[in-house]
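If you want the building blocks of each chain, they are given just below.
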Amino acid sequence: YRFAKPDTNLKQIRQHMDLSQRDLAVLSDIPIRTIQQYEQRQKDLSRARSEYLIALSRVLGCDPSRLI
């Protein structure tokens, strides 16, 4: 799956919104390292705390299901 789709939905949407990881971290109040781990698939976003999914979706203007 990584080879077929190297970028996560989170990364694609973040880049489309022209936000850096740092910008997203500040706006969502989520540690930048956590965002990096989600984007690098070191952490599974589908198992993220619901507060994180909601915060990310609010900042990125999308439904939480699009991030997973």
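Presented here is a report on the structure given in the accompanying data block. Keep in mind the model is a prediction, meaning the values are calculated, not measured. (Residues numbered from 1 in each chain as written. Predicted model: local features only at pLDDT ≥ 70, side-chain atom pairs only at ≥ 80, totals over all residues. Heavy atoms only, no water.)

Quick notes on the overall build of the protein chain
Going by this rule: The way it works is that DSSP assigns letters per residue, a run of H or I at least four long becomes a helix, a run of E at least two long becomes a strand, and they are numbered from the N terminus. Both definitions apply: the radius of gyration is a C-alpha atom measure, and the globule rule equals 2.2 Å times residues to the power 0.38. Burial here depends on accessible area, computed with a 1.4 Å probe over protein chains only, as a share of the maximum for the residue type. Under 20% is buried, over 50% is exposed, and the range in between is partly exposed. Contact criterion: two residues are considered in contact whenever any of their non-hydrogen atoms come within 4.5 Å of each other. Note on areas: Shrake-Rupley, 1.4 Å probe, and residue coverage restricted to the protein chains presented here. Counted as positive: Lys and Arg. Counted as negative: Asp and Glu. His and the chain ends are not counted at all. In plain terms, the charge of a residue is placed at NZ if it is Lys, CZ if Arg, CG if Asp and CD if Glu.
Check the secondary structure of the protein chain and you find five helices and zero strands. Ordered by position from N to C terminus, the α and β elements of the protein chain give α-α-α-α-α. Taken over C-alpha atoms, the radius of gyration comes to 11 Å for the protein chain, in line with the 11 Å a tight globule of 68 residues would show. In terms of overall dimensions, the protein chain has a C-alpha envelope of 30 × 25 × 20 Å along the principal axes. Scored against the burial criterion, the 68 residues of the protein chain give a buried share of 40%. Within the protein chain, contacts between residues separated by at least 24 positions form 49% of all contacts whose residues are at least 6 apart in sequence. When the accessible area of the protein chain is evaluated, it comes to approximately 4,600 Å², of which 48% is carbon and sulfur surface. Both charge centroids of the protein chain, one from 12 positive and one from 8 negative side chains, sit 6 Å from each other.

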